[in-house]
Amino acid sequence: MTALNSAGWRPEMNAGGADDTTTFTGNRALMLEEPLLFEIGSTGTTGVDFDEDAPAADLGALARSAPIGLPGLSESETVRHYTRLSRQNYAIDLGLFPLGSCTMKHNPRLNEKVARMPGFADVHPLQPQETVQGAYAVIHELAEWLITLTGMHSVAMSPKAGAHGELCGVLCIKAALEARGEDRRVLLVPESAHGTNPATAAFAGFAVEDIPATPEGRVDLAALKARLGPDVAGVMITNPNTCGLFERDMKAISDAVHAVGGYVYCDGANFNAIVGRVRPGDLGVDAMHINLHKTFSTPHGGGGPGSGPVVLSAALAPFAPLPFVTKDGESFRLIEEENAGEDHPKTFGRMTAFHGQMGMFTRALAYMLSHGADGLKQVAEDAVLNANYLLRSLDDVLDAPFGASGPCMHEALFSDRGLAEGFSTLDIAKGLIDEGYHPMTVFFPLVVHGAMLVEPTETESKAVLDQFIGALRSIALRAKNGDPALKSAPHFAPRARLDETLAARRPVLSWSDGAAGD
Amino acid sequence: MRYLPLTPDDRAAMLAAVSASSIDDLFVDVPAAARLSGPIEGLPAHASELAVERHMAALSRQSHAAGDGPFFLGAGAYRHHVPASVDHLIQRGEFLTAYTPYQPEIAQGTLQMLFEFQSQVARLLGTDVANASMYDGSTACWEAIVMARRVTRRSKALLSTGLHPHYRSVARTMAKYTGDSLVDGDPSLEAGTDWAALAAAVDKETSCVVVQYPDILGRIDDMRALAAACQAAGALLVAVVTEPVALGLIQSPGEMGADIVVGEGQSIGVGLQFGGPYVGLFACKSKYVRQMPGRLCGETVDANGKRGFVLTLSTREQHIRREKATSNICTNSGLCALAFSIHMTLLGEAGLRRLAAINHGRAKAAAAELAKVPGVSVLNRGFFNEFTLLLPVEARPVIHALAEKGILGGVSLGRLYPDNAGLANGLIVAVTETVTEEDIAAFAAALKEVLA
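- Per an unreviewed UniProt entry, chain B goes by the name Probable glycine dehydrogenase (decarboxylating) subunit 1 and belongs to Sphingopyxis panaciterrulae.

- Chain A is annotated in an unreviewed UniProt entry as glycine dehydrogenase (aminomethyl-transferring) from Sphingopyxis panaciterrulae.
- The UniProt entry for chain A carries the following comment under Catalytic activity (unreviewed entry): "N(6)-[(R)-lipoyl]-L-lysyl-[glycine-cleavage complex H protein] + glycine + H(+) = N(6)-[(R)-S(8)-aminomethyldihydrolipoyl]-L-lysyl-[glycine-cleavage complex H protein] + CO2".
- Looking at the Function (unreviewed entry) heading of the UniProt record, one finds this comment for chain A: "The glycine cleavage system catalyzes the degradation of glycine. The P protein binds the alpha-amino group of glycine through its pyridoxal phosphate cofactor; CO(2) is released and the remaining methylamine moiety is then transferred to the lipoamide cofactor of the H protein."

## Some remarks on the overall build of chain A
Now for step 1: Tallying secondary structure elements over chain A gives 15 helices and 12 strands in all.
Now for step 2: Here chain A has a C-alpha radius of gyration of 26 Å; the compact-globule value for 518 residues is 24 Å, and the two agree.
Now for step 3: Expressed along its principal axes, the backbone C-alpha trace of chain A runs to roughly 80 × 75 × 45 Å.
Now for step 4: Going through the 518 residues of chain A one by one, you find that 58% of them count as buried.

## Comments concerning the overall build of chain B
Now for step 1: Helix and strand counts for chain B come out as 14 helices and 13 strands.
Now for step 2: The globule rule puts the C-alpha radius of gyration for 452 residues at 22 Å, and the 25 Å found for chain B is close to it.
Now for step 3: Residues classed as buried in chain B amount to 63% of the 452 residues present.

## With respect to the sheet that holds strand β1 (residues 129-130) of chain B
Residue and element names in this part refer to chain B.
Now for step 1: Read across the sheet, 7 strands follow the order β1-β7-β6-β5-β4-β2-β3 without closing on themselves; strand pairing throughout is mixed. Two strands lie at the open edges of the sheet, namely β1 and β3 (181-183), each paired on one side alone.
Now for step 2: Relative to strand β7 (residues 280-284), strand β6 (residues 260-264) runs antiparallel, the two being bridged by 5 bridges. Its bridge partner lying in β7, E264 is registered against G280.
Now for step 3: Sheet strands in contact with helix α7 (residues 165-178) are β2 (156-159), β3 and β5 (236-241), and its direction is about 150 degrees off that of β3.

## Some thoughts on the domain arrangement of chain A
Residue and element names in this part refer to chain A.
Now for step 1: The domains assigned to chain A are domain 1 (1-26), domain 2 (110-366) and domain 3 (377-503).
Now for step 2: With 18 residues of domain 2 at the interface, the matching set in domain 3 holds 18 residues.
Now for step 3: Grouping the constituent residues of the side of domain 2 that touches domain 3 by class yields 8 nonpolar, 7 polar and 3 charged.

## A word on the nonpolar core
Now for step 1: Core analysis: the biggest nonpolar cluster contains 316 residues, and C172 of chain A together with V209 and V238 of chain B have the highest contact counts within it.
Now for step 2: Here this core takes 21 residues from helix α11 (residues 358-394) of chain A, the largest share from any one element.
Now for step 3: Contact partners of C172 of chain A, with chain neighbours within four places excluded, come to A287, L312, L316, F319, A320 and F348 of chain A.

## Some points on the interface of chain B and chain A
Now for step 1: The interface of chain B with chain A comprises 165 residues on the first partner and 177 residues on the second.
Now for step 2: Residue contributions to the side of chain B that touches chain A peak at 19 residues, all from helix α11 (residues 334-370) of chain B.
Now for step 3: Residues of the side of chain B that touches chain A, tallied by class, amount to 81 nonpolar, 56 polar and 28 charged.

## Digging into the domain arrangement of chain B
All names here are of chain B.
Now for step 1: As far as domains go, chain B holds domain 1 (67-81 + 349-451) and domain 2 (84-343).
Now for step 2: Centre-to-centre separation of domain 1 and domain 2, based on C-alpha positions: 27 Å.
Now for step 3: Elements represented by at least two residues in the side of domain 1 that touches domain 2 include exactly α11, β11 (386-390) and β13 (426-430).
Now for step 4: Of the residues forming the side of domain 1 that touches domain 2, the biggest block, 7 residues, is contributed by α11.

## Notes on helix α2 (residues 49-60) of chain B
Now for step 1: In a regular helix each residue adds 1.5 Å, so 12 residues correspond to 16 Å; α2 of chain B covers 16 Å between its end C-alpha atoms and thus fits that length.
Now for step 2: If you check which residues of α2 of chain B are buried, you get V52, M56, L59 and S60 of chain B. All buried residues of α2 of chain B lie within an arc of 105 degrees about the axis, which places them on one face of the element. Exposed positions of α2 of chain B whose direction lies more than 90 degrees from the buried face are L50, R54 and A58 of chain B.
Now for step 3: Packing partners of the buried residues in α2 of chain B comprise α3 (109-115), α4 (118-121), α5 (133-150) and α11 of chain A.

## Quick word on the sheet that holds strand β11 (residues 441-442) of chain A
Now for step 1: Strand order in the open sheet made by the 3 strands is β10-β12-β11 (chain A), with antiparallel pairing throughout. The sheet is open, and its two borders are formed by β10 (412-414) and β11 of chain A, each paired with just one other strand.

## Some words on the environment of P165 of chain B
Residues and elements named next belong to chain B.
Now for step 1: Topologically, P165 is positioned in helix α7.
Now for step 2: Given 24 C-beta atoms within 10 Å, P165 falls into the buried group.
Now for step 3: Placed 51 residues apart in sequence, P165 and I216 show a C-alpha to C-alpha distance of 8.0 Å.
Now for step 4: With residues near it in sequence (within four places) discarded, P165 still touches I216, L416 and Y417.

## Observations concerning the packing of α11 of chain A against α2 of chain B
Now for step 1: The contact between α11 of chain A and α2 of chain B brings their axes to 9 Å, and the two run at 140 degrees. Classified by the angle between their axes, α11 of chain A and α2 of chain B sit oblique to one another. Where α11 of chain A crosses over α2 of chain B, the handedness of that crossing is right-handed. The segment α11 of chain A lies against α2 of chain B, with T362, A366, L369 and S370 of chain A engaging V52, H55 and M56 of chain B.

## Notes on the UniProt feature "domain: Glycine dehydrogenase C-terminal" (unreviewed entry) in chain A
Now for step 1: Taking the numbering used here, the UniProt-annotated feature "domain: Glycine dehydrogenase C-terminal" (unreviewed entry) corresponds to residues 381-477 of chain A.
Now for step 2: Helix makes up 41% of residues 381-477 of chain A and strand 8%, and the two end C-alpha atoms of the span are 31 Å apart.

## So, the pairing of strand β5 (residues 263-267) of chain A
Residue and element names in this part refer to chain A.
Now for step 1: Judged by how many residues are buried, β5 sits mostly within the fold: 5 of 5 residues are covered.
Now for step 2: Residues Y263, Y265 and D267 line one face of β5 and the alternating positions V264 and C266 line the opposite face, and both faces are buried.
Now for step 3: Pairing geometry for strand β4 (residues 232-238) and β5, over 5 bridges, is parallel. Looking at β5, one finds that V235 is bridged to V264.
Now for step 4: Note that the unit made of β4, helix α9 (residues 250-259) and β5 has a crossover that is right-handed.
Now for step 5: Inspection of the sheet shows β5 paired to strand β6 (residues 287-289) by 3 bridges, in the parallel sense. For D267, the partnering residue across the bridge sits in β6 and is H289.

Definitions and limits used
- Residues numbered from 1 in each chain as written.
- Chains lettered and ligands numbered in written order.
- Predicted model: local features only at pLDDT ≥ 70, side-chain atom pairs only at ≥ 80, totals over all residues.
- UniProt positions renumbered as here; feature names shortened; annotations may be inferred.
- Helix = DSSP H or I, 4+ residues; strand = E, 2+ residues; numbered from the N terminus.
- Rg over C-alpha atoms; globule rule 2.2 N^0.38 Å.
- Buried ≥ 20, exposed ≤ 12 C-beta atoms within 10 Å, placed from the backbone.
- Pairing = 2+ DSSP bridges.
- Contact = placed C-beta atoms within 7 Å.
- Axes fitted to C-alpha atoms, helices over the stretch in contact; angles between N-to-C directions.
- Domains from an automatic or database assignment.
- Nonpolar A, V, L, I, M, F, W, Y, C, P; charged D, E, K, R; others polar.
- Core = buried A, V, L, I, M, F, W, Y, C linked by C-beta atoms within 7 Å.
- Expected span 1.5 Å × (residues − 1).
- Arc of directions from axis to C-beta.
- Parallel < 35°, antiparallel > 145°, perpendicular 65-115°, else oblique.
- Left-handed = near helix turned anticlockwise from the far one by under 90°.
- Right-handed = clockwise from strand over helix to strand, strands pointing away.

Below, the structure is given as structure tokens:
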């Protein structure tokens, strides 16, 4: 084990007061340093017992001869290694996690329990269909919920995350155009869109053009109409948008796009604001992905897995990907390659190996059943109420660029206007870390200078919001008055600000004996 | 409602604070025609935890779980024993309920884990670097083809006929719309791979050759000659691994010269989960790192000089580069990567080698036993834990007849290649450490009965 002060105590160590240079280990009580697995494990150690000896293999020249270099730990060491690492993470279980557009809401533990039931977790995707009827039933039931909540024609369940869902929707648009014998190359995307929108459009071979915004933070309908034409395949619009506003003209946008033969993709990342209150199907949307890991509470897991089912209009439904589940009388069956010719001939094909994120479907369904139609409506209302409460409690100390554009939806947007010279959004974010919060989304959307996008979600109490408002007010005042201590925040986190430039200039992406710490 | 902490009094006070007379005032921007007044019709009202659990348990019981009887399915998803501590640790709230580590000062747990995951994957696959995960093996495979196009500035990919047909389908779907050209086909029921033919077919227009190892029929082969042919033609060799446990026993693709190695990591730590979520592995030689898709975690130092980790080289990614990004991927498979990494840590090199050897030994025993069934033979010369049986009749009805006897006896080639009658008698059988000698005997006896 490494020790920060392995030479032991020296009188000069206490000169500057007590800090981590005064402990032998570098630990500070419950704040524990943890070495890399590669520094504590060894290739001969294993935490798994086997009942049998390994028989001799006869693989000839293909047999592995060189060492792999994979260190192992005993079970007790493994549990401790990962438990100690976990304690260096902030998480929704610890407190408010107001990342805008990410919908970090409470993850119910019932969801975890049902996802592990053997009829869902211990079944193989290629089992004979008669042996997995219960798993198909979950997919089908969840699909019915999504269709009903969105007022759409059907839903493609297989996309693996939001961006994969975008790809699904955009490929449906490609296939629909192809079926009409048209080669339209342009997708229009607002500047305020998530980066995945233009990236997805390009990944599928479209050219991307910006849609201008009005000063109040919404799509400029007149400018959009002026750009529409026979080369435009469609639009990708986020609604509610990333400025936190509902696109009032959504129906008019859809009508205008449809009038010139285009399609409307809606980024559903912000569906949490409107679930149960508005159905995208009533706004002329042709395709919209739903992040089950946002609106429907499946855990983010430190960066996934997500799940991105895509609801589709009647116009795009015929092109949806394989495979999918359908119900015949009382039993379920899969539409896949062998029967697609009869049942789903216009499909654009398969976009992932199997059925999608089953483990997320079970969790999302448990969440929906728990809330019911009445509870989901309350979800949207409380999410929007919490965001407006934050916006109006802070807009006297932080600039709210669209504060006059009407109520916000489920996220409140601020800018860095009015901060002292040399202070930025980043300093506010790092100050929040010291106060015990995860920062909001920063520097996004790009249309606002030094953007701070705050999404509290409906699972926060008024008491939590009031404390957060107090903390953020205090930090805003420090930034406006140029408190130098804020520039070096965080002071109390497991690490101070990290050198991202160094990481990119001299990438160390994998452990090696020589590279670590040199 | 148990997930909603606001009380009616809170709501009233907060509405007053934002000068709204009712919640409807906050939805004024929604066009009147689209506003819903009451709960959406056709859906049930809220339910207790007990009621939901009861409903889900009833559905769960309607499936025959792999653990309910003898189980021999593979073909891209494998049933291995996952130690209990893996599932316990990934449910630590600090891992489970964290977000992508955008604020590294309070995400070192996730970041250090990702650095360790990347290091484990790179070593296992025999490459220099690996990313922080993709959705699954099939999407990682397409991303590798696109990356090879970026590196070589060529757009013709040769796919081995031994590539998983679903991976091929994903590539075909995407190539239709991106202008990439694919040369592919169905496998033939031969003991050897098509790699020599691929080596002969590589030319100056080829961006990459994609081979699976072990392949869809369970065959394994040496890829050195193919790697040399690719290098000579300026093309990249992309290797796909759907059963990473195999690499405890056989040489890694990277060692044999593959430029990009992608895989499905589900085998280690993740479980079957009816096809997802899984964890895509993506690794390559370090000279191509700036063309990689997805997130990368790198080492650095903090303002006090302490070692720490951050997401890095993000100018490749969609949130910075938008339509010029290397991929549109954002959320990946973080928690599955954690499960993979914990399981790999528990195994260690010694455990992985032993697990692989046990799989191989068990599969050899099964192949020998099943080959004794009259009319049945084993296609493969060599294999790891999966092989292809040739039956005297079409395999699909046999699978259903076995299922009626409570035995899940593999994946028929008829299911995977419905249009190819020449493959209909093939049955892919996977045998892991979860299979017992009794399971093998039961399978052989049932197969004999069904074929009689």
